[in-house]
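Given next are the chains, with one letter for each unit.
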Amino acid sequence: NRHILLGAHWDTRPWADRDPNQELRNKPIIGANDGASGVSVLLELSRMFYENPPPVNISIVLFDHEPKT
């Protein structure tokens with residue numbers, strides 16, 4: 001039984017503390033601007049898989065986490 005896991009990073013940060021522009025460092029980073037490309041690809045794939053089920057099981061996971069450094 002084959003299984004594939006697809007994951008993408010989607011998160012919202014309370015501030016842009018690493019932005020090169022000092023004036024933007026206290027502004028939030030909205031998740032759609034930070035990790036939207038990977039999430040949008042997986043959302044489209046899920047639509048395609050619904051219409052044309054693949055021959056293997058596929059799980060899609062959207063992660064919402066920003067590690068502290």
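Residues numbered from 1 in each chain as written. Predicted model: local features only at pLDDT ≥ 70, side-chain atom pairs only at ≥ 80, totals over all residues. Heavy atoms only, no water.

A. Spatial organisation of the overall build of the protein. Counting secondary structure elements, the protein contains 2 helices and 2 strands. Put simply, the protein runs from its N terminus to its C terminus through helices and strands in the order β-α-α-β. Looking at the protein as a whole, 13% of its 69 residues are labelled buried. In the protein, of all internal contacts separated by at least 6 residues, the share reaching a separation of at least 24 is 60%. (Helix = DSSP H or I, 4+ residues; strand = E, 2+ residues; numbered from the N terminus. Buried < 20%, exposed > 50% of the residue type's maximum accessible area, 1.4 Å probe, protein only. Contact = heavy atoms within 4.5 Å.)

B. View of a nonpolar patch on the surface. On the surface, a cluster of nonpolar side chains totalling about 250 Å² of accessible area is made up of Leu43, Ile60 and Leu62. Classification of Ile60 as partly exposed rests on a relative accessible area of 32%. (Patch = residues over 30% accessible without salt bridge, like charges linked within 9 Å, V, L, I, M, F, W, Y side chains within 5 Å. Areas by Shrake-Rupley, 256 points an atom, 1.4 Å probe, with all protein chains shown as cover. Salt bridge = Lys/Arg side-chain N within 4 Å of Asp/Glu carboxyl O.)

C. Summary view of the environment of Asn1. Take Asn1: it is sitting in the segment before β1 (3–9). Asn1 gets classed as exposed once you look at its relative accessible area, which sits at 93%. Remark: the alpha-carbon pair of Asn1 and Val56, spanning 55 residues in sequence, is separated by 7.6 Å.

D. Focus on the pattern of salt bridges. Per the counting criterion, the structure on display carries 2 salt bridges. Across the pair Arg47 and Glu44 runs a salt bridge, and its minimum N-O distance is 2.5 Å. One end of the pair is Arg47 and the other is Glu44, both in helix α2 (residues 36–51) and 3 residues apart, which spans about a single turn. The partly exposed category is assigned to Glu44, whose relative accessible area is 34%. In this structure, the salt-bridge partner of Glu51 is Arg47, at a minimum N-O distance of 2.9 Å. Placement of the pair is Glu51 and Arg47 together in helix α2, with a separation of 4 residues, close to one helical turn. In the salt-bridge network here, residues are joined through shared partners; they are Glu44, Arg47 and Glu51.

E. Up close: the environment of Ile29. Its location among the elements puts Ile29 in the loop between β1 and α1 (31–34). For Ile29, a relative accessible area of 22% gives the class partly exposed. Each C-alpha atom of the pair Ile29 and Thr12 lies 5.6 Å from the other, and the pair is 17 residues apart in sequence.

F. Geometry of the environment of Trp15. Considering the arrangement of structural elements, one finds Trp15 in the loop between β1 and α1. Counting along the chain gives 14 residues from Trp15 to Ile29, while the straight-line C-alpha distance between them is 6.1 Å. Setting aside residues up to four positions removed in sequence, Trp15 forms contacts with Arg25, Asn26, Lys27, Pro28 and Ile29.

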